[in-house]
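An overview of the molecular structure
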Amino acid sequence: MSRSIVRQSKFRHVFGQAVKAEQGYDDIRVSKVTWDSSFCAVNPKFLAVIIESSGGGAFLVLPLSKTGRVDKNYPLVIGHSGPVLDIDWCPHDDNILASCSEDCTAMVWQIPDNSLTRPISEPIVVLEGHSKRVGIVSWHPTARNILLTAGSDNLVIIWNVGTGEPLISMDDHPDLIYSISWNRNGSLFCTTCKDRRLRVCDPRKREVVAERLAPHEGIRPMRAIFTRDGNIFTTGFTRMSQRELGLWDPTNFEEPIALLELDTSNGVLLPYYDADANMVYLCGKGDSSIRYFEITEEPPYVHYLSTFSSKEPQRGMGFMPKRGVDVTKCEIARLFKLHDKKCEPITMTVPRKSDLFQDDLYPDTAGPEPAMEPEEWLDGRDEDPILISMKEGYMPPKSRELKVAKKNVLESRPTTRRSMSTCDTNSLPVSCVYFYLSHFHIHTL
């Protein structure tokens, strides 16, 4: 007599739950720009949301504790002259945020603790090197002050934001780049592109080290993320426009480790990865559900766990780093779901009877300390993230002093440093030079 054996996993019973209405964030005019980014970024201190604004691009930054209705006159971050397309919090400083825009620039911002009292219009540094709109910003996971940007000019530029200098530029993509993901130690990144290719790039060698044509046969946009084991998890569409997910070994792109059809829908599936639990949360734009899966070493390798469903479709999603979850409630993930006019936190919890710290749910996780300086990374060094224990929970520091590299504008420069990779100030018109001089004179009076 055969008996079916239930797969053992501590994450089999993970369940999602929306917080109470008063613990959400209301009256937020979420951006309506047609770009497949998440429109939301979150860390243990702040929630940032790209919003609708006239006369340029803006985003809203709220302390996590400022729940409830957002005042319509609440100060915004308003430095971009075109719609903001993507935002990303620095993993090594909870007060540093990068943004990019249709105005062909990326900017880095210092956000003060507590609520904003006036609009922020002066970034710490402006990164100018793209000739078309910039759609992706992504911080390096382990090296201090390294930021990647990708634009509609098909360029990938890696910057040292501490000096405002472009370090590496790659033009290996013949068409629009849909997504970029660093691997765990930041030695490689993977990209998906409109030419239907999945690429693995080594930025310091400035070359594509592996690629696969059409990991998903459909022509709709794909997404790809590195897992902690070095495999690549992808989402895309079949030839019949069914949504599909895949798991690939970049050292052998011939056959997928796993390929799974999901459903028929138009929304691009945005994957959010929890490296500690080896789980992926799939959030489709326009969907009203969040599916989550566990990646294991046993067949079928990608295991469906469950679905969190609600009535309202999502416009975007933010994903809290593991150090920001509540370990006293066995919370293993927190997502921030964007509606048309509000943001709703959703907690993912493993049911446990004991009130003690569950060390099997919370292995040491990536902390806020960078593992190396930008010069070390550029010279070829690789380091995994510096881990911290979650046993006592994580309390973000009020104003953490950075051990900064030389010439680091993140701390030493109160005024904007404008960085240009394609031109210098000698090539500016006289009127612009006069403006800079007069602007500097005003600030130094």
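Residues numbered from 1 in each chain as written. Predicted model: local features only at pLDDT ≥ 70, side-chain atom pairs only at ≥ 80, totals over all residues. Heavy atoms only, no water.

**Comments concerning the overall build of the protein**
- Scanning the protein from terminus to terminus reveals three helices and 33 strands.
- Excluding contacts between residues fewer than 6 apart, the proportion of contacts in the protein whose partners are at least 24 apart in sequence is 53%.
- When the accessible surface of the protein is totalled, it reaches about 20,600 Å², and 49% of it is carbon and sulfur. (Helix = DSSP H or I, 4+ residues; strand = E, 2+ residues; numbered from the N terminus. Contact = heavy atoms within 4.5 Å. Areas by Shrake-Rupley, 256 points an atom, 1.4 Å probe, with all protein chains shown as cover.)

**A look at the packing of aromatic side chains**
- Applying the stated criterion to the full structure yields 10 aromatic pairs.
- Ring geometry for Phe46 versus Trp89: centroids 5.4 Å apart, planes at 15 degrees, classification stacked. Pair noted here: Phe46 is in strand 4 (residues 46–51) and Trp89 is in strand 8 (residues 84–89), with a separation of 43 residues, a long-range link.
- In this structure Trp89 comes out as buried when scored by relative accessible area, which is 6%. (Phe/Tyr/Trp six-rings, centres within 6.5 Å; stacked < 30°, edge-to-face > 60°. Buried < 20%, exposed > 50% of the residue type's maximum accessible area, 1.4 Å probe, protein only.)

**Comments concerning the side chain of His80**
- Topologically, His80 is positioned in strand 7 (residues 77–80).
- In this structure the side chain of His80 is engaged in a polar contact, spanning 2.7 Å, whose partner is the side chain of Ser99.
- Other than its neighbours up to four places away in sequence, His80 contacts Gly56, Gly57, Ser99, Cys100, Ser101, Asp103, Thr105, Ala106, Met107 and Trp109. (Polar contact = N/O pair within 3.5 Å; in protein donor to acceptor, adjacent residues only side chain to side chain.)

**Thoughts on the sheet that holds strand 22 (residues 242–248)**
- One open sheet accounts for four strands, arranged 20-21-22-23; its pairing is antiparallel. The open sheet is flanked by strand 20 (223–226) and strand 23 (258–264), the only strands paired with a single partner. Neighbour-to-neighbour, the strand axes of the sheet open up by a mean angle of 15 degrees, direction not taken into account.
- Summarising the sheet, strand 21 (residues 232–237) and strand 22 pair through six bridges and their orientation is antiparallel. Residue Phe233 lies in a different strand from strand 22, and its bridge partner there is Leu247. (Pairing = 2+ DSSP bridges. Axes fitted to C-alpha atoms, helices over the stretch in contact; angles between N-to-C directions.)

**A look at the pattern of salt bridges**
- Going through the model one piece at a time under the given rule, you end up with 22 salt bridges.
- In this structure, Glu217 and Arg239 form a salt bridge, with 3.4 Å as the shortest nitrogen-oxygen distance. Note that Glu217 is positioned in the loop between strand 19 (207–213) and strand 20 and Arg239 in the loop between strand 21 and strand 22, a separation of 22 residues in sequence.
- Residue class for Glu217 comes out partly exposed when judged on its relative accessible area of 43%.
- The exposure class of Arg239 is exposed, given its relative accessible area of 64%.
- Look at the salt bridges and you will find they share partners, linking Asp195, Arg197, Arg199 and Glu211 into a network. (Salt bridge = Lys/Arg side-chain N within 4 Å of Asp/Glu carboxyl O.)

**Regarding the sheet that holds strand 24 (residues 269–274)**
- Strand order in the open sheet formed by four strands is 24-25-26-27, and the pairing between neighbours is antiparallel. Lying at the two open borders of the sheet, with one neighbouring strand each, are strand 24 and strand 27 (302–309). Between one strand and the next, the sheet's axes are offset by a mean angle of 25 degrees, whatever the strand orientation.
- With five bridges connecting them, strand 25 (residues 279–284) and strand 26 (residues 289–295) associate as antiparallel partners. Bridging across to strand 26, Tyr281 finds its partner in Tyr292.

**With respect to the nonpolar core**
- Membership of the largest hydrophobic core comes to 42 residues, with the highest contact counts inside it found for Ile28, Leu47, Phe59, Val61, Ile111 and Phe336.
- Counting residues per element, the ones that place at least two in this core are strand 3 (40–42), strand 4, strand 5 (57–63), strand 8, strand 10 (105–110) and strand 29 (331–338).
- Among the elements that take part in this core, strand 4 stands out by supplying six residues, more than any other.
- Apart from residues no more than four positions distant in its own chain, Leu47 is found in contact with Tyr25, Cys40, Ala41, Val42, Leu60, Val61, Leu62, Leu64, Phe336 and Cys343. (Core = buried A, V, L, I, M, F, W, Y, C linked by side-chain atoms within 4.5 Å.)

**Notes on the environment of Leu76**
- Structurally, Leu76 is set in the loop between strand 6 (68–69) and strand 7.
- For Leu76, a relative accessible area of 18% puts it in the buried group.
- When near neighbours in sequence (up to four residues on either side) are disregarded, Leu76 contacts Ile51, Ala58, Phe59, Leu60, Pro119 and Ile120.

**Quick notes on the pairing of strand 21**
- The buried fraction of strand 21 is high, at six of six residues.
- Burial along strand 21 is two-sided: Ile232, Thr234 and Gly236 and Phe233, Thr235 and Phe237, pointing in opposite directions, are all buried.
- Relative to strand 21, strand 20 is paired through four bridges, and the arrangement is antiparallel. The residue of strand 21 that forms the bridge with Ala224 is Thr234.
- Taking the residues that link successive antiparallel strands as the turn, the strand 20-strand 21 hairpin has five residues, and the phi of Gly230 there is positive, at about 95 degrees.
- The turn joining strand 21 and strand 22, which pair antiparallel and follow one another in sequence, is formed by four residues; a positive phi near 65 degrees is taken by Ser241.

Structural measurements only, silent on function.
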